[in-house]
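# Topology and contacts: notes
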Amino acid sequence: MRLKTSLFGMLAAAGVLAAGGAAAEYPERPVTLVIGYPAGGGTDIQSRALVPYLEKYLGTSVVVENREGAGGLIGATYIANAKPDGYTIGALNFPSMYSPIVQGNASYKEDAFTPLANQIGGDLALTVNKVSPIKTAREFVEAAKANPVVVGVTGIGHPSQITALLFEDAAGVKLNFVPFNGGGPARLAMLGNHVTLGFMNLNEVFADNRSGALRVLATSGTERSPLSPDVPTFKEAGYDVQFSLLAGFGAPKGLPADVEAKLVDAFQKALKDPDYLADAKKRELTTLPLTQAEFADALKKGNANLAELWKSKPWTK
């Protein structure tokens, strides 16, 4: 009897320990932030800028892991298939990570991600190398109508290519695309004059425009960007093109409710942190903080528009 009692006590104690372990407060260990684009690109730079403040409010270290390739598809797939325990989160960009769904070559669906918060909004920019004789969007259109032109874009289905497709319709031209594996490689190709013309993320080329290494001819916002106040919008240049990217964060679907709430709260506090805002201003990041609900709604509407565009102008075969 004594042996049975002792054994029962041991099992009960083990059960208490197991329950205590299961109930440990999240997070118990470092969180991995997956970025599906190369180091040094816009997504990488802006995400890393937020990391110290996310660590502050999450209460643990956040380890950045670049899983680049296939224009962001490799990283997106990894995030979608990760265990939904809160220890793997990722950069969640629109439209780059959602266009493969429309194209039909993604193994994940739109609902594979839990949006957490948006960090950045950004315009796209018609850009030329400094050696190009083209000085305006109008001159670009004239050149494209006279001869076939090749333009670099940051990736298939990326915001730069989507903007270029909208511009094709607005300007009545046909463009030939050279896709790169993200904004960083595309920018380097333009700086090296491997491609003379391109549609780029303004966040990544505004400094080159100021230095004269590259020349931005027009931007895709509803108004001129503070990053390039002397550059007209496409609409000002005579072309009805408006498009902006979103760059935020998400996690695999199926997060425990308490973990999701902790992540959402930490992101919102980090995005409002005065030191982060000062740092973002210094870096000239085009901040667009959206709540979880606002970000999810923007993604839903954006994806519906993306699907409609695909019907009339599929961007890949």
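Structure first, text after, so check above.
Summarised in this report is the structure supplied together with it.

Each value, and the rule that gives it
Residues numbered from 1 in each chain as written. Predicted model: local features only at pLDDT ≥ 70, side-chain atom pairs only at ≥ 80, totals over all residues. Heavy atoms only, no water. Phe/Tyr/Trp six-rings, centres within 6.5 Å; stacked < 30°, edge-to-face > 60°. Buried < 20%, exposed > 50% of the residue type's maximum accessible area, 1.4 Å probe, protein only. Lys NZ or Arg CZ within 6 Å of the ring centre and 35° of its normal. Axes fitted to C-alpha atoms, helices over the stretch in contact; angles between N-to-C directions. Helix = DSSP H or I, 4+ residues; strand = E, 2+ residues; numbered from the N terminus. Parallel < 35°, antiparallel > 145°, perpendicular 65-115°, else oblique. Left-handed = near helix turned anticlockwise from the far one by under 90°. Contact = heavy atoms within 4.5 Å. Salt bridge = Lys/Arg side-chain N within 4 Å of Asp/Glu carboxyl O.

This paragraph deals with the packing of aromatic side chains. This structure, assessed with the given rule, holds 13 aromatic pairs. For the pair Tyr108 and Phe113, a centre-to-centre distance of 5.2 Å together with 70 degrees between the ring planes defines the contact as edge-to-face. What makes Tyr108 buried here is its relative accessible area of 4%. Residue class for Phe113 comes out buried when judged on its relative accessible area of 5%. An aromatic cluster of at least three residues, connected via ring pairs, comprises Phe140, Phe167, Phe199, Phe234 and Tyr239. Here the guanidinium or amino end of Arg29 rests over the ring plane of Tyr87, the centre of that ring lying 3.7 Å away.

Before going further, it helps to examine the packing of helix α2 (residues 42-58) against helix α10 (residues 274-283). One can describe the packing of α2 onto α10 by two numbers: an axis separation of 10 Å at closest approach and a directional angle of 160 degrees. In this view, α2 runs roughly antiparallel relative to α10, as classed from their interaxial angle. When the axes of α2 and α10 are compared, the crossing they make is right-handed. Between α2 and α10, the residues in contact are Ile45, Ala49, Leu50 and Tyr53 and Asp275, Tyr276, Asp279 and Arg283, respectively.

In the structure shown here, the tally under the stated rule is 13 salt bridges. Linking Glu168 and Lys313 is a salt bridge whose minimum nitrogen-to-oxygen distance equals 3.1 Å. Here Glu168, found in helix α6 (residues 159-171), pairs with Lys313, found in the segment after α11 (292-312); they are 145 residues apart in sequence, far enough to count as distant. Accessibility assignment for this pair places Glu168 and Lys313 in one class, buried. The residue Lys269 makes a salt bridge to Asp265 at a minimum N-O spacing of 3.1 Å. Linking Lys269 with Asp265, this pair stays in helix α9 (residues 257-272), spanning 4 residues, or about one helical turn. When salt bridges with common partners are traced through the structure, they connect Glu168, Asp169 and Lys313 into a single cluster.

Our focus in this paragraph is the environment of Lys235. Tracing the backbone shows Lys235 in the loop between β8 (214-219) and β9 (244-252). For Lys235, a relative accessible area of 51% corresponds to the exposed category. Residues Lys235 and Glu223, spaced 12 residues apart in sequence, show a C-alpha to C-alpha distance of 8.8 Å. Discounting chain neighbours no more than four positions away, the residues touching Lys235 are Asp240 and Gln242.

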